[in-house]
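Structural description and commentary
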Amino acid sequence: MCRYSSTKAERFKEFIEQRRMEAHAIARPNPVVKKIDTPEFRSIFTQELNDLIALFDRYNFEIRVAGGAVRDILMNMNPKDVDIATTATPTEMKEIFTKENIRMINMNGEKHGTITPRINDRENFEITTLRIDAVTDGRHAEVIHTTDWLLDANRRDLTINSMFLGFDGTLYDYFYGYEDLQKRRVAFVGDPDMRIKEDYLRILRYFRFYGRIAEESNRHDEETLRIITKNAPGLAKISGERIWQEWKKILTGNFGIELIEAMINCELAPYMGLPEKPNVEEFLRVSKQVRAFDPKLQPITVLAALLNTPEDAVNLNLRLKLTVYERELCYFITQNREETATLEELLQFQQLCLQTISSVKLKKEYVLELLKYHGKRDLYQQLLEWPIPQFPIKGNVLIANGAPKGPKLGVVMDKLKLIWSNNQYNMSQEELLQHLPAVLEEVNLKKK
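Residues numbered from 1 in each chain as written. Predicted model: local features only at pLDDT ≥ 70, side-chain atom pairs only at ≥ 80, totals over all residues. Heavy atoms only, no water.

Below, the discussion takes up the pattern of salt bridges. In this structure the tally under the stated criterion is 32 salt bridges. Here Arg64 makes a salt bridge to Glu62, at a shortest N to O gap of 2.9 Å. Overall, the relative accessible area of 5% leaves Arg64 in the buried class. One salt bridge in this structure joins Lys415 and Glu442, with 3.2 Å as the shortest N-O distance. Note that Lys415 is positioned in helix 21 (residues 407–422) and Glu442 in helix 23 (residues 436–447), a separation of 27 residues in sequence. (Salt bridge = Lys/Arg side-chain N within 4 Å of Asp/Glu carboxyl O. Buried < 20%, exposed > 50% of the residue type's maximum accessible area, 1.4 Å probe, protein only. Helix = DSSP H or I, 4+ residues; strand = E, 2+ residues; numbered from the N terminus.)

Written as structure tokens, this is what we have:
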């Protein structure tokens with residue numbers, strides 16, 4: 001939290017007043033929009049929540065539901081999580097929970113103004129103090145605590161995320177988020193340029209929430225897209241992990257294909273790890289094929305279609321810090337898609353499952369994803385139902401019979417697996433060892 005000395009008191013007061021004037025200039029005169037009493041609203045009330053409400057009421061601090069839970073309730077959805085905002089500071093909350101012998105967990109959230117009590121030792125609640133972003137650098141914000149709900153709403157990214165809901169059902173909406181939600185419109189709070197510059201990740205959050213609430217794939221506000229395009233270089237400041245977290249949600253959400261195309265048109269590609277000229281045509285083709293027979297896609301499978309070369313996959317991983325599974329899948333698809341595009345025999349894809357590269361066995365899941373990529377539905381189903389047989393020779397047996405150690409052992413094993421698979425996987429260890437001398441000679445000749 002930002003702290004001000006007494007010598008900065010006037011500057012602090014001026015800053016608060018400036019923010020308040022800015023907020024009032026665009027806020028609705030009366031933030032109370034309506035009263036809610038729906039099944040979705042009532043679904044959040046557990047005994048633990050009722051006890052928490054009573055506790056804050058007893059200590060004269062206000063709490064309201066904030067952010068996504070409000071949006072979900074208004075969309076007639078039961079919220080998965082209920083985030084709570086309060087006028088109490090973190091210190092005041094800690095004093096309350098300590099006095100009431102309530103355990104607090106995940107104390108790392110305190111630096112962001114969030115305290116997480118475990119009520120009745122059954123349910124956790126994330127409760128965050130109202131705050132103002134005092135200093136922003138495009139990635140993080142230094143905050144000042146406040147008791148003004150308008151100022152907290154004013155710092156939020158989108159109007160649909162800036163609403164609060166009282167536990168008596170009162171909907172507080174300062175920036176017309178309710179109307180935007182009814183219109184299925186995604187709009188920034190106040191000046192889009194200012195909101196984006198406070199945290200450039202908001203560019204991706206715009207597209208993610210568009211997929212969450214919009215009813216048509218391409219009803220963007222052109223001025224908003226223009227401002228996003230202007231601020232595209234700011235994404236270079238955002239960590240790859242944060243970018244990929246949002247990007248995956250966009251890819252797997254509604255209108256994911258169309259939204260990625262819109263993002264590329266907004267010139268975001270080079271700042272997110274993609275090549276300067278992504279292969280959009282291939283992406284559109286592959287995305288539609290994959291979704292046609294497997295809605296639960298691996299995001300990296302369709303994302304690989306935007307890459308032109310295996311080197312692009314390396315650069316993507318350097319930017320996004322993919323998981324090992326995602327990284328290897330991306331490498332595998334970009335390395336194998338061209339040579340497998342015209343293959344139509346199950347055996348050829350079975351053999352691909354059995355290969356070993358750099359002592360890492362290519363997982364069957366990678367080959368299945370490659371078949372999704374190509375839209376080979378029948379082969380996908382056949383391979384899915386195929387149990388991988390046990391290769392009858394271990395590496396130590398091959399070494400004992402003259403095979404080299406190290407990376408070459410994988411090459412030798414792959415060649416023996418090819419012989420084994422061409423014989424319907426019906427060869428014993430002894431029969432395979434008869435082929436070892438010829439395989440070793442071929443490997444050694446290649447070395448020469």
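At their nearest, the axes of helix 17 (residues 346–354) and helix 18 (residues 364–374) sit 8 Å apart, and the two run at 140 degrees to each other. What the angle tells us is that helix 17 and helix 18 run oblique. Considering the relative orientation of helix 17 and helix 18, their crossing is right-handed. Contacts from Phe349, Leu352 and Cys353 of helix 17 reach helix 18 at Lys364, Val367, Leu370 and Leu371. (Axes fitted to C-alpha atoms, helices over the stretch in contact; angles between N-to-C directions. Parallel < 35°, antiparallel > 145°, perpendicular 65-115°, else oblique. Left-handed = near helix turned anticlockwise from the far one by under 90°. Contact = heavy atoms within 4.5 Å.)

Glycine aside, negative phi is the norm for most residues, and most peptide bonds take the trans geometry. With phi around 65 degrees, Asn60 is a residue other than glycine that occupies positive phi space. Position of Asn60 relative to the elements: it lies in the loop between helix 3 (47–58) and strand 2 (63–66). Overall, Asn60 belongs to the exposed group, its relative accessible area being 69%. Despite not being glycine, Tyr176 has its phi angle at roughly 65 degrees, a positive value. Mapped onto the elements, Tyr176 comes out in the loop between strand 11 (170–172) and helix 7 (177–182).

Inspection of the secondary structure assignment puts Leu352 in helix 17. We classify Leu352 as buried; its relative accessible area is 6%. With 306 residues separating them along the chain, Leu352 and Thr46 place their C-alpha atoms 52 Å apart.

Our focus in this paragraph is the packing of aromatic side chains. One pass over the structure, following the stated rule, counts 15 aromatic pairs. Ring plane angle 40 degrees and centroid distance 5.7 Å describe the contact between Trp386 and Tyr425, whose orientation is recorded as tilted. With Trp386 in the loop between helix 19 (377–384) and helix 20 (395–400) and Tyr425 in the loop between helix 21 and helix 22 (429–433), this residue pair connects regions lying 39 residues apart in the sequence. Centroid distance Phe391 to Trp420: 5.1 Å. Interplanar angle 70 degrees. Geometry classified as edge-to-face. Of this pair, Phe391 sits in the loop between helix 19 and helix 20 while Trp420 sits in helix 21, and the two are 29 residues apart along the sequence. (Phe/Tyr/Trp six-rings, centres within 6.5 Å; stacked < 30°, edge-to-face > 60°.)

A word on the domain arrangement of the protein chain. Along its sequence, the protein chain is carved into domain 1 (6–183) and domain 2 (395–446). Here the C-alpha centre of domain 2 lies 65 Å away from the C-alpha centre of domain 1. (Domains from an automatic or database assignment.)

This next bit is on helix 13 (residues 280–293). Under the 1.5 Å per step criterion, the end-to-end length of helix 13 is 21 Å for 14 residues, consistent within 8% with the ideal 20 Å. For helix 13, every residue scored as buried is listed here: Glu282, Phe283, Leu284, Val286, Ser287, Val290 and Phe293. (Expected span 1.5 Å × (residues − 1).)

Burial within strand 5 (residues 114–119) is extensive, with 5 of its 6 residues counted as buried. One ladder, built from 3 bridges, connects strand 4 (residues 103–105) with strand 5; its direction is antiparallel. Bridge pairing in strand 5 links Arg103 to Arg118. Of the strand pairs in this sheet, strand 5 and strand 7 (residues 127–129) are connected by 2 bridges, and their pairing is antiparallel. Across the sheet, the residue bridging to Ile115 is Ile127, located in strand 7. (Pairing = 2+ DSSP bridges.)

An α-helix turns once per 3.6 residues; consequently, residues spaced three or four apart project the same way. When helix 5 (residues 90–99) is considered as a whole, its buried residues turn out to be Pro90, Met93, Ile96 and Phe97. Each buried residue of helix 5 sits inside an arc of 125 degrees when the element is viewed along its axis, so together they form one side. Exposed residues pointing more than 90 degrees away from the buried face of helix 5 are listed as Glu95, Thr98 and Lys99. Note on helix 5: the residue one or two positions beyond its end, Asn101, has a positive phi of about 60 degrees. (Arc of directions from axis to C-beta.)

Another aspect to go through is the packing of helix 3 against helix 5. Contact pair helix 3 / helix 5: the axes reach a minimum separation of 12 Å and the direction vectors enclose 110 degrees. It follows that helix 3 is roughly perpendicular to helix 5 by the angle criterion. For the element pair helix 3 and helix 5, the recorded crossing hand is right-handed. Along its contact with helix 3, which presents Leu52, Leu55 and Phe56, the element helix 5 presents Met93, Ile96 and Phe97. Its residues assigned to classes, the contact of helix 3 with helix 5 shows 6 nonpolar, no polar and no charged. (Nonpolar A, V, L, I, M, F, W, Y, C, P; charged D, E, K, R; others polar.)

Moving on, we come to the nonpolar core. Judged by nonpolar contacts, the single largest core of 120 residues is most densely connected at Leu52, Phe97, Leu204, Phe207, Trp247 and Leu268. Among the elements that line this core, the one with the most residues is helix 9 (residues 202–213), at 7 residues. When residues no more than four places from it in sequence are discounted, the contact partners of Trp247 are Ile260, Met263, Met272, Leu274, Leu303, Leu316 and Leu320. (Core = buried A, V, L, I, M, F, W, Y, C linked by side-chain atoms within 4.5 Å.)

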